[in-house]
Protein chains: 2
Amino acid sequence: MSRGREITDEPEVDDFDFPRVLNAVADPIRLAIVTQLAAAPTDVSCGSFILPVHPSTATHHFTALRQAGVIHQYYAGTSRMNVLRRDDLNEAFPGFLDSVISAVTKVSTSAR
Amino acid sequence: MSRGREITDEPEVDDFDFPRVLNAVADPIRLAIVTQLAAAPTDVSCGSFILPVHPSTATHHFTALRQAGVIHQYYAGTSRMNVLRRDDLNEAFPGFLDSVISAVTKVSTSAR
DNA sequence: GCCTTAGTTTGATAGAAATCAAAATAGACT
DNA sequence: AGTCTATTTTGATTTCTATCAAACTAAGGC
């Protein structure tokens, strides 16, 4: 019966909750996930992220991002792949994601 | 000597830290402060905000926003006035504040 | 000078969130 | 079938954060 590999807790665009999205992105680990995802040319597996936390902790952060609607996840074999929901976020909160990404990116770029 | 009424912990634009700003704005009470401040035609005293928390709790939230660089505060008699640092935020993180304000405002506007 | 108003400071408390470790699950490979 | 790899689940712990209450500070007005 239950295969347990379906992911069904991703909200639809109409149900996006801005405070929740804000909260999801505000955590440094999760912000790193978003940033690395935004910079990647392809979908990224959970294990491919460079994160300073235990895998089980990372899972919680991925869950927070997914349930807020920031990322989409799907299985590919034993790996769980991650995709930024750029279009959906832009539709719900125009300009927000872009400003966040550019704000984070700027730091490492302008050596000041 | 010490008058104790000077506010000296407001960061300069160059010292703005994006994760910190994000974190400051991510709290629902603080987001309400930012929203109400953005909508107000003039500077607003701490006591004029409509917040569901004790004044001493509000003080902590104002402090978090101020130290992150989101608001500027100054004394006017017994009142402490608040100002959104729109220009500074826009200089440091272009588009961020605007997208946040419009994202929050949209909710109450479009009755769906 | 005293009382009022506005807000802050200082504790103390409670609830939420992040963290890790260990065990469990599931597909891929041999 | 058995093993390896990738990730999740569960449980325990700890660290943060928000919160309120009470006492304190300072300016304004009488």
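All of these numbers come straight from a predicted model, not from anything done at the bench. (Residues numbered from 1 in each chain as written. Chains lettered and ligands numbered in written order. Predicted model: local features only at pLDDT ≥ 70, side-chain atom pairs only at ≥ 80, totals over all residues. Heavy atoms only, no water.)

Residues and elements named next belong to chain B. Topologically, Q73 is positioned in strand β2 (residues 71-76). With a relative accessible area of 2%, Q73 lands in the buried category. Looking at Q73, its side chain comes within polar contact range of the side chain of N82, at 2.6 Å. (Helix = DSSP H or I, 4+ residues; strand = E, 2+ residues; numbered from the N terminus. Buried < 20%, exposed > 50% of the residue type's maximum accessible area, 1.4 Å probe, protein only. Polar contact = N/O pair within 3.5 Å; in protein donor to acceptor, adjacent residues only side chain to side chain.)

Taken as rigid bodies, chain B and chain A are interconverted by a rotation of 180 degrees and an axial shift of 0.0 Å, the fit giving an RMSD of 0.0 Å. On this basis, the relationship between the two copies can be described by a two-fold rotation axis. Most of the interface of chain B is mirrored in chain A: 100% of its interface residues are interface residues there too. (Least-squares fit on C-alpha atoms with pLDDT ≥ 70 in both. Contact = heavy atoms within 4.5 Å.)

This part covers the sheet that holds strand β3 (residues 79-84) of chain B. Residues and elements named next belong to chain B. An order of β1-β3-β2 is seen for the three strands of this open sheet, with the pairing classed as antiparallel. Sheet topology places β1 (44-45) and β2 at the edges, where each strand pairs with a single neighbour. Two elements, β2 and β3, share six bridges in a ladder whose sense is antiparallel. What sits directly across from H72, in β3, is V83. (Pairing = 2+ DSSP bridges.)

Let us now look at the interface of chain B and chain A. Accessible area lost upon the coming together of the parts serves often as the stated size of an interface. Taken residue by residue, the interface counts 20 residues in chain B and 20 residues in chain A. Buried area between chain B and chain A, summed over both chains or domains, comes out near 1400 Å², and the portion from carbon and sulfur atoms is 70%. For the chain B face of the interface with chain A, the top three residues by lost area are B:F18, B:L22 and B:A26, together amounting to 30%. Scanning the region where chain B abuts chain A turns up zero residue pairs in polar contact (both at pLDDT 80 or more). (Buried area = accessible area lost by both parts, 1.4 Å probe.)

Residue and element names in this part refer to chain B. Residue placement: V44 occurs in strand β1. Its relative accessible area of 12% is what places V44 among the buried residues. As for V44 and V83, which are separated by 39 residues in sequence, their C-alpha atoms are 7.0 Å apart.

Before going further, it helps to spend a moment on the packing of helix α2 (residues 28-39) of chain B against helix α3 (residues 55-68) of chain B. All names here are of chain B. Remark: α2 packs on α3, axes separated minimally by 10 Å, with the N-to-C direction vectors making an angle of 70 degrees. In terms of orientation, α2 lies roughly perpendicular with respect to α3. Classified by chirality, the crossing of α3 by α2 is right-handed. Here I29, R30, I33 and V34 of α2 lie close against α3, whose contacting residues are H61, F62, A64 and L65. A breakdown of the residues in the contact of α2 with α3 according to their chemical character gives six nonpolar, one polar and one charged. (Axes fitted to C-alpha atoms, helices over the stretch in contact; angles between N-to-C directions. Parallel < 35°, antiparallel > 145°, perpendicular 65-115°, else oblique. Left-handed = near helix turned anticlockwise from the far one by under 90°. Nonpolar A, V, L, I, M, F, W, Y, C, P; charged D, E, K, R; others polar.)

For the rest of this paragraph, the subject is the protein's contact with DNA strand D. Taken together, 22 residues surround DNA strand D, and among them A:G47, A:T59, A:R80, B:H54 and B:H61 come closest. Counted by atom, the contact set of DNA strand D within 4 Å of the protein is 67% sugar and phosphate. Measuring from a phosphate oxygen of DNA strand D, one finds a side-chain N or O atom of B:D27 at 3.2 Å. Between B:R30 and DNA strand D, the recorded distance is 3.1 Å, taken from a side-chain N or O atom to a phosphate oxygen. Looking at the surface near DNA strand D residue by residue, the classes come out as four nonpolar, 14 polar and four charged. (Near = heavy atom within 4 Å.)

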